[in-house]
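Commentary on secondary and tertiary structure
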Amino acid sequence: MDRKIAVITGASSGIGLLTALELARSGYSVVATMRNPMGRTALDEAAAKAGVQDRIDVRRLDITESASVAPAIEEIVQHYGRLDVLVNNAGFAMAGFADDVALEELRTQFDTNFFGHVAVTLAVLPHMRRQQSGHIIMVSSIAGRAAHPGIGSYSASKFALEGWSEALRLEMNPLGIRVVLVEPGSYETNIWEKNVHIASAAFSDGSPNKERSRRFAEHVKTQVAKGDAREVARLIARVSTMPHPRLRYLVGKDARLYHWVRLLMPWKRYEKMVARTVGI
Ligand SMILES: NC(=O)c1ccc[n+]([C@@H]2O[C@H](COP(=O)([O-])OP(=O)(O)OC[C@H]3O[C@@H](n4cnc5c(N)ncnc54)[C@H](OP(=O)(O)O)[C@@H]3O)[C@@H](O)[C@H]2O)c1
């Protein structure tokens, strides 16, 4: 049976892992890429439990190694003969107030959350152009619509991704290639715990923000309700099958609420509310 082919980046944990499972359950052959395939155990176990292990092919891909991205995608297309869905999911969050984040740290954030997705997308486009079809789904964030204090670097990388993707969508739509931004609120994954990057100066004695950073970290840890990431995975699987998806999909009650409050509340009130809520 000819299955559609989906490629996903950052499939070792969180939304990526769950999306790989969800797409496999929906009948796709999934190429689940990760930068270190030694970390595949969680996906393998979950796939076996769901009975979809024969539909998941784990391959190595670090999206920041630009020279190896195109050959990796080429190999996948050679092997499967086509590529129907790309889910640009890999990412991390850099925490730290603007004047605590070194320029090099900010660049690292963009290397993954922006340039990494651009590199994979550019590698996939010639194949989708030839097919005259394909879905490119960018896992952005509510932080790509509304910037958050304390994670300005992360917000900036997602804003960049949003701008690039919006233009790409307009360019590719007439060719039958659908570009979509999925914008989750807060979900229970490794992003804010094991995988979080904290700017090296954030808690140093020399930082003018040390105390505010501490209060902000406490707020994220104790007051931000985190949803079940399967909700995001299901949405991505659904969007993958839509012939004419929208450009943007906010997902999560918190994301929708934040978006509408920011749009509708007078800006000065909004600023005060944000400062009070995050304790800065
Ligand atoms: N969870 C949320 O609340 C939330 C909200 C909005 C948006 N998002 C977005 O959702 C996406 C997935 O994050 P998550 O929440 O599922 O967090 P996660 O559990 O930390 O997963 C992130 C994944 O990205 C991978 N990754 C990081 N850098 C990479 C690189 N250079 N090349 C390849 N893979 C790389 C990680 O691999 P390793 O295992 O090797 O580190 C991991 O598999 C991100 O784009 C994030 O911005 C998450």
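Calculation rules
Residues numbered from 1 in each chain as written. Predicted model: local features only at pLDDT ≥ 70, side-chain atom pairs only at ≥ 80, totals over all residues. Heavy atoms only, no water. Phe/Tyr/Trp six-rings, centres within 6.5 Å; stacked < 30°, edge-to-face > 60°. Helix = DSSP H or I, 4+ residues; strand = E, 2+ residues; numbered from the N terminus. Buried < 20%, exposed > 50% of the residue type's maximum accessible area, 1.4 Å probe, protein only. Near = heavy atom within 4 Å. Polar contact = N/O pair within 3.5 Å; in protein donor to acceptor, adjacent residues only side chain to side chain. Nonpolar A, V, L, I, M, F, W, Y, C, P; charged D, E, K, R; others polar. Pairing = 2+ DSSP bridges. Axes fitted to C-alpha atoms, helices over the stretch in contact; angles between N-to-C directions. Contact = heavy atoms within 4.5 Å.

**Quick look at the packing of aromatic side chains**
The relative placement of two aromatic rings is captured by the distance of their centres and the angle of their planes. Scanning the model with the defined rule gives seven aromatic pairs in all. The interplanar angle of 80° and the centroid separation of 6.2 Å between the aromatic rings of Tyr258 and Tyr270 together place this pair among those described as edge-to-face. Here Tyr270 lies in helix α9 (residues 267-278) and Tyr258 lies in helix α8 (residues 253-264), a separation of 12 residues in the sequence. A residue is classified by how much of its surface remains accessible, and Tyr258, at 22% relative accessible area, is partly exposed.

**So, the site of the ligand**
The local shell around the ligand holds 28 residues, among which Ser12, Asn89, Tyr154, Thr189 and Asn195 are the closest. Here an oxygen atom of the ligand and a backbone polar atom of Gly185 are 3.4 Å apart. One of the backbone N or O atoms of Asn190 is found 3.2 Å from an oxygen atom in the ligand. Those elements that provide at least two residues to the shell around the ligand are α1 (14-25) and α5 (152-172). Of the residues in the shell around the ligand, the class split is 10 nonpolar, 15 polar and three charged.

**Re the sheet that holds strand β1 (residues 5-8)**
In any sheet, the strands associate via hydrogen bonds between backbone groups, in a parallel or an antiparallel arrangement. Across the sheet, which stays open at both edges, the seven strands sit in the order β3-β2-β1-β4-β6-β7-β9 with parallel pairing between neighbours. At either end of the open sheet lies a strand with only one pairing partner, and these are β3 (56-60) and β9 (248-251). The sheet shows a mean angle of 20° between the axes of neighbouring strands, taken without regard to direction. Strand direction decides the pairing type here: strand β7 (residues 177-184) and β9, joined by four bridges, are parallel. Bridge pairing in β9 places Val182 opposite Tyr249. Taken strand by strand, helix α2 (residues 41-50) contacts β2 (29-34) and β3, and its axis lies near 175° from that of β3.

**Details of the pairing of strand β6 (residues 134-139)**
Most of β6 sits inside the fold, with six of its six residues counted as buried. Neither face of β6 is open: one carries Gly134, Ile136 and Met138, the other His135, Ile137 and Val139, and all of them are buried. Where strand β4 (residues 85-88) lies against β6, four bridges are found, and the strand directions are parallel. Across the sheet, Asn88 pairs through a bridge with Met138, a residue of β6.

**Digging into the environment of Glu171**
Among the secondary structure elements, Glu171 is positioned in helix α5. The class for Glu171 is exposed, based on a relative accessible area of 51%.

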